[in-house]
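Chain by chain, the residues run as shown.
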Amino acid sequence: MISWVLLAGVLTGATLSDATVRGQIRPRLSVDINGYVYNWDNIGRFVLPGETLRLATSDDANSSGWVASAGVLVDMGDATGWVAPAEPGLYPIIVTSGTTIRRINAFVMIPYDNLDRKGHLKGVRIGKYPRPIEEFPSFTKPRGFIITTPDNLDTPVSPHYTLRDFASRTMGGFPKYTVLREELLVKLELLTVMVKSRGVKFDRFVVFSGYRPPAYNWRVERGHNSAHIYGGAADI
């Protein structure tokens, strides 16, 4: 068995705006979220309370408009804005064009500042995040934590992967708290498509390890820093 570690560009400086990434996402009913273009049926986005997502569709898409389960939709002229609710949780946003449906699974996170000085979040041991490293700009504290429950574990965050794939295996009981970066999802989907295009018959990769809380990473890896604690790596 071959195991790979996929990083969300944390060592290379890659982002969702890279030409390699954007070139693989071609418009049918493409969805533009804050300048990042997707052609996925299911899109995971992770936002803070009150944050606004700028939403648009491809120019050739005769879309029927946006529908949100909660939050506020506002007209931004050439786009639609979605203002996230104050309460953390999962809030689907849907747009259609004919029979084509695109669904944004927007997770409103608990802000990082809710992590107390001892490294606990709502009574759950997360651990303390190390100081940022100048040489690794992506090794910075997460913006927030996704509340992970039995009800949302199987929510798609990309065409082939769900929140369950990246949730920590080390937290007992629920709720769990997960950190996940959108860049990692894009890289993982591109790798999945690339392997399939070479004739390998498989549905998707098995993610053996996604998010690792700092407390666990220190206990097992004996290291303060790892792309896993920032939601930017997956062992596959």
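Note that the structure is a prediction, hence the values are computed from the model and not measured. (Residues numbered from 1 in each chain as written. Predicted model: local features only at pLDDT ≥ 70, side-chain atom pairs only at ≥ 80, totals over all residues. Heavy atoms only, no water.)

A. Representation of helix H2 (residues 182-197). Its 16 residues give H2 an end-to-end C-alpha distance of 23 Å, which sits within 8% of 22 Å, the value for a rise of 1.5 Å per residue. If you check which residues of H2 are buried, you get Glu182, Glu183, Leu184, Leu185, Val186, Lys187, Leu188, Glu189, Leu191, Thr192 and Val195. (Helix = DSSP H or I, 4+ residues; strand = E, 2+ residues; numbered from the N terminus. Expected span 1.5 Å × (residues − 1). Buried < 20%, exposed > 50% of the residue type's maximum accessible area, 1.4 Å probe, protein only.)

B. Here's a closer look at the sheet that holds strand S14 (residues 144-148). Reading across from one edge, S11-S14-S15 is the order of the three strands in this open sheet, with antiparallel pairing throughout. Strands at the two margins of the open sheet, each flanked by one partner only, are strand S11 (110-111) and strand S15 (176-178). Judged from the three bridges that link them, S14 and S15 form a sheet pairing that is antiparallel. Following the sheet pairing, Ile146 is matched in S15 by Thr178. (Pairing = 2+ DSSP bridges.)

C. Structural detail: the nonpolar core. Judged by nonpolar contacts, the single largest core of 36 residues is most densely connected at Trp82 and Phe166. Where this core is concerned, the elements lending two or more residues are strand S2 (31-33), strand S4 (42-47), strand S5 (52-57), strand S9 (89-97), strand S10 (100-108) and H2. The leading source of residues in this core is H2, at six residues. Aside from chain neighbours lying at most four places away, what touches Phe166 is Val157, Tyr161, Thr178, Leu180, Leu184, Leu185, Leu188, Val207, Gly210, Tyr211 and Ala234. Listed in part, the 17 residues of the second largest apolar core include Val124, Phe139, Phe145 and Tyr230. (Core = buried A, V, L, I, M, F, W, Y, C linked by side-chain atoms within 4.5 Å. Contact = heavy atoms within 4.5 Å.)

D. Main features of the pairing of S4. Across the six residues of S4, six count as buried, placing the element largely inside the fold. The side-chain alternation of S4 yields two buried faces, one formed by Asn42, Gly44 and Phe46 and the other by Ile43, Arg45 and Val47.

E. Layout of the sheet that holds S5. Read across the sheet, five strands follow the order S3-S2-S5-S8-S7 without closing on themselves; strand pairing throughout is antiparallel. Looking along the sheet, the strands with just one partner apiece sit at the ends: strand S3 (36-38) and strand S7 (72-75). When strand polarity is set aside, the average angle formed by the axes of neighbouring strands in this sheet is 30 degrees. As defined by bridge partners, S5 adjoins strand S8 (residues 80-83) across four bridges and the pair is classed as antiparallel. Counterpart to Leu55 in the pairing with S8 is Thr80. (Axes fitted to C-alpha atoms, helices over the stretch in contact; angles between N-to-C directions.)

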